[in-house]
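Structure at a glance
One letter stands for each residue in the lines below.
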Amino acid sequence: MMRIDLLGTSFQIQSDEEPEYLETILDYYRERLREIEETVATRDPLKQSILAALVVTDELFRSRSRGAPPEEAGEIAEITHRLLQSIDHVLPDPES
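These remarks concern the structure in this document. Note that the structure is predicted; figures quoted are calculated from it, not measured.

A separate point is the overall build of the chain. When you go through the chain residue by residue, the secondary structure sums to three helices and two strands. Listed by position from the N terminus, the elements making up the chain come as β-β-α-α-α. Here the chain holds 96 residues, and the buried ones make up 19% of them. Long-range contacts, defined as pairs at least 24 residues apart, comprise 44% of the intrachain contacts of the chain with a sequence gap of at least 6. In the structure as shown, the chain presents an accessible area of about 7,100 Å², 54% of it carried by carbon and sulfur atoms.

Okay, here's the thing in structure tokens:
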């Protein structure tokens, strides 16, 4: 189990990935969030998170288009998918 603290929300995830690797991913995402906070007027954490996710997704797509090896892009997509599933599992449903 790993505890994640982002945008005033804390939760735990369980993952097959190494904790150091997950920390690297979180550090990268936190940096994107800091960039969003500095450049966008909104202070809504959900909107900031969505914008940061779009920035990271844009980086992934641009990397793929520059010829990143397909197996590497697929691995990144799979890891991202598993992390999102873990996060979805632990976060409460906002419509509940």
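Don't stop here, the text continues.
Per the stated rule, a full pass over the model turns up five salt bridges. The salt bridge partner of Arg34 is Glu31, with a shortest N-O separation of 3.2 Å. Taken together, the residues span about one helical turn, with Arg34 and Glu31 both in helix α1 (residues 19-39) at a distance of three residues. The closest approach of N and O atoms between Glu59 and Arg32, which form a salt bridge, is 3.8 Å. Of this pair, Glu59 sits in helix α2 (residues 45-65) while Arg32 sits in helix α1, placing them 27 residues apart in sequence.

As paired elements, strand β1 (residues 2-6) and strand β2 (residues 9-13) share five bridges and run antiparallel to each other. By the bridge assignment, Leu6 is partnered in β2 with Thr9. From the end of β1 to the start of β2, which pair antiparallel, there are two residues, and Leu7 there has a positive phi angle of about 50°.

With that settled, consider α2. Think of an α-helix as turning once every 3.6 residues; residues three or four places apart then point the same way. The end-to-end C-alpha separation of α2 is 30 Å, in line with the 30 Å expected for 21 residues at 1.5 Å each. Of the residues flanking the start of α2, the one acting as N-cap is Asp44, its side-chain oxygen 2.8 Å from the backbone nitrogen of Leu46. Two residues or fewer past α2, Gly67 is found with a positive phi of approximately 95°.

Along the chain, the position of Thr42 falls in the loop between α1 and α2. Within polar-contact distance, the side chain of Thr42 engages the backbone nitrogen of Asp44 at 3.2 Å. Beyond its immediate sequence surroundings of up to four residues, Thr42 is in contact with Lys47, Gln48 and Leu51.

Procedures and definitions
- The numbers attached to residues start from 1 for each chain and follow its sequence in the written order.
- In keeping with the predicted nature of the model, local features appear solely for residues at pLDDT of at least 70, side-chain atom pairs appear and are counted solely at 80 or more, and the whole-chain, interface and lining totals rest on all residues.
- To obtain the side-chain values, all non-hydrogen atoms of the structure were used and water was disregarded.
- The numbering of helices and of strands both runs from the N terminus, where a helix is a DSSP run of H or I of at least 4 residues and a strand a run of E of at least 2.
- Note on classification: 1.4 Å probe, protein chains only; a residue is buried when its accessible area is under 20% of the maximum for its type, exposed when over 50%, partly exposed between these limits.
- The contact criterion used throughout is that any non-hydrogen atoms of two residues lie within 4.5 Å.
- Areas reported here follow the Shrake-Rupley algorithm with a probe of radius 1.4 Å; residue values treat only the protein chains shown as occluding.
- By salt bridge we mean one thing: a side-chain nitrogen of Lys or Arg within 4 Å of a carboxyl oxygen of Asp or Glu.
- Here a strand pair is declared whenever DSSP counts at least two bridges between the two strands.
- To estimate the expected span of a helix, subtract one from its residue number and multiply by 1.5 Å.
- Any pair of nitrogen or oxygen atoms within 3.5 Å is treated as a polar contact; in protein, a donor-acceptor pairing is required on top of that, and neighbouring residues in sequence qualify only through side-chain atoms on both sides.

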